[in-house]
Amino acid sequence: MAKIASKVTAPAINIGINEKDRAAIAKGLSKLLADTYTLYLTTHNFHWNVTGPMFNSLHTMFMTQYTELWNAVDPVAERIRSLGHAAPGSYAQFGKLSSVPDAPATPPKAMEMVRILVQGHEAVARTARELFAVVDKAGDEPTADLLTQRLTVHEQTAWMLRSILED
């Protein structure tokens, strides 16, 4: 006699955060992921296309920045998964979710690139900061820690880029 295989299912998520809060946090993290990925693409684009007297320093700086952004997307996406939700991962999804505009079709001059990146980092910081209220209410310390790390990076990077623009 053949045995009938039983279907094994995962238990319901029970991490001490209710489904409504997990969904709200995942939604906010999805926006953060979209912002981060969009800023990554813009920064990488500017790395490839920067020209002018500051070429070498900006080319190197942009590489450092896009590498950091690239390394940031995975922890954000994995936190969304840890909360029991699917992480967005397509250009279409990112375009709908992101508050960061896409890179200009024609590469701007170097200092305009810097200005655009300042605005991008500030936008990502605002997205991260907006999520703190629901994260705090839910007692979601891992997400709070992730948001704190991201805010530190984006605010510091915006400051450094903004400093380049000062006379």
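That block above? That's the structure.
Notes on the structure in this doc start here. Sequence order sets the numbering: in each chain, residues are counted from 1 along the sequence as written. Only residues with pLDDT of at least 70 get local features here, since the model is predicted, and only at 80 or more are side-chain atom pairs given and counted; chain-wide, interface and lining totals rely on the full set of residues. Note that the side-chain values use all heavy atoms of the structure and ignore hydrogens as well as water.

### Remarks on the overall build of the protein chain
Alright, step 1. Scanning the protein chain from N- to C-terminus turns up six helices and zero strands.
Alright, step 2. From first element to last, N terminus to C terminus, the protein chain shows the α and β order α-α-α-α-α-α.
Alright, step 3. Each of the three principal axes of the protein chain carries a C-alpha extent, and together these read 75 × 40 × 25 Å.
Alright, step 4. To sort residues, take the accessible area from a 1.4 Å probe on protein chains only and compare it with the maximum for the residue type: under 20% means buried, over 50% means exposed, and anything in between is partly exposed. A total of 167 residues make up the protein chain; the buried ones form 41% of that total.
Alright, step 5. Contact criterion: two residues are considered in contact whenever any of their non-hydrogen atoms come within 4.5 Å of each other. Taking as baseline every contact in the protein chain between residues at least 6 positions apart, the subset at least 24 positions apart corresponds to 82%.
Alright, step 6. Accessible surface area values rest on a Shrake-Rupley calculation with a 1.4 Å probe, where residue burial reflects the displayed protein chains alone. Total accessible area on the protein chain stands at roughly 9,900 Å², and carbon and sulfur atoms take up 57% of it.
Alright, step 7. Counting rule applied: Lys, Arg positive; Asp, Glu negative; His and chain ends not counted. To locate a charge, take NZ of a lysine, CZ of an arginine, CG of an aspartate or CD of a glutamate. Counting 16 positive and 17 negative side-chain charges, the protein chain places the averaged centre of each group 9 Å from the other. Per the convention used, a helix needs a DSSP run of H or I reaching at least four residues, while a strand needs a run of E reaching at least two, with both numbered from the N terminus.

### As for a nonpolar patch on the surface
Alright, step 1. Residues qualify for a patch when their relative accessible area is over 30% and they have no salt bridge, like charges being joined within 9 Å and the nonpolar side chains of Val, Leu, Ile, Met, Phe, Trp and Tyr within 5 Å. Salt bridges are defined by distance alone: a side-chain nitrogen of Lys or Arg within 4 Å of a carboxyl oxygen of Asp or Glu. A surface patch of nonpolar side chains, amounting to about 210 Å² of accessible area, comprises Met 54, Met 111 and Leu 165.
Alright, step 2. Structurally, the position occupied by Leu 165 is in helix H6 (residues 141-165).

### Describing H6
Alright, step 1. One less than the residue count of a helix, multiplied by 1.5 Å, gives the span that helix is expected to have. In this model, H6 (25 residues) spans 36 Å end to end at C-alpha, consistent with the 36 Å of a helix rising 1.5 Å per residue.
Alright, step 2. Looking only at H6, the buried set comprises Thr 143, Leu 146, Leu 147, Arg 150, Leu 151, His 154, Thr 157, Ala 158 and Leu 161.
Alright, step 3. The elements touched by buried residues of H6 are helix H1 (19-49), helix H2 (55-82), helix H4 (110-130) and helix H5 (132-138).

### A short note on H1
Three or four residues apart is the spacing at which side chains of an α-helix point the same way, because the helix has 3.6 residues per turn.
Alright, step 1. Counted at 1.5 Å a residue, the expected span for H1 with its 31 residues is 45 Å, and the 44 Å between its end C-alpha atoms agrees.
Alright, step 2. N or O atoms closer than or at 3.5 Å make up a polar contact, with two conditions inside protein: a donor-capable atom paired with an acceptor-capable one, and, for residues adjacent in sequence, both atoms drawn from side chains. Backbone nitrogen of Lys 20 and a side-chain oxygen of the N-cap are separated by 3.1 Å at the start of H1; the cap is Asn 18.

### Here's the deal with the packing of H1 against H4
Alright, step 1. Geometry is summarised by axes, namely lines fitted to C-alpha atoms with helices restricted to the contacting stretch, and by angles between N-to-C directions that run from 0 to 180 degrees. The geometry of H1 relative to H4 is characterised by a closest axis approach of 9 Å and an angle of 165° between their N-to-C directions. Judged by the angle between their axes, H1 and H4 are roughly antiparallel. Handedness of the crossing formed by H1 with H4: left-handed. Residues Gly 28, Lys 31, Leu 32, Asp 35, Thr 36, Leu 39, Thr 42, Thr 43, Phe 46 and Asn 49 of H1 form the contact with H4, whose participating residues are Met 113, Ile 116, Leu 117, Gly 120, His 121, Ala 123, Val 124, Thr 127 and Ala 128.
Alright, step 2. Amino acids outside the nonpolar list (Ala, Val, Leu, Ile, Met, Phe, Trp, Tyr, Cys, Pro) and the charged list (Asp, Glu, Lys, Arg) are all regarded as polar, and Gly is one of them. Partitioned by chemical class, the residues of the contact of H1 with H4 number nine nonpolar, eight polar and two charged. Each angle receives one of four descriptions, namely roughly parallel if under 35 degrees, roughly antiparallel if over 145, roughly perpendicular if within 65 to 115, and oblique otherwise. Handedness of a helix crossing follows the sense of rotation of the near helix relative to the far helix, less than a right angle counterclockwise being left-handed and clockwise being right-handed.

### Examining the packing of aromatic side chains
Alright, step 1. Centres within 6.5 Å are what make two rings of Phe, Tyr or Trp a pair, Trp counting through its six-membered ring; a difference in plane orientation under 30 degrees is then read as stacked, over 60 as edge-to-face, and the rest as tilted. Using the criterion set out here, one finds six aromatic pairs in the structure.
Alright, step 2. Centre to centre, the rings of Tyr 37 and Tyr 40 are 5.7 Å apart; their planes meet at 50°, and the pair counts as tilted. With a gap of three residues between them, Tyr 37 and Tyr 40 both fall in helix H1, about one helical turn apart. Across this residue pair, the class does not change: Tyr 37 and Tyr 40 are buried.
Alright, step 3. Centroid distance Phe 46 to Phe 62: 6.4 Å. Interplanar angle 50°. Geometry classified as tilted. Placement of Phe 46 in helix H1 and of Phe 62 in helix H2 is noted, with a sequence separation of 16 residues between them. Accessibility assignment for this pair places Phe 46 and Phe 62 in one class, buried.
Alright, step 4. Three or more aromatic residues joined by ring pairs form one cluster here, namely Tyr 37, Tyr 40, Tyr 66, Trp 70 and Phe 94.

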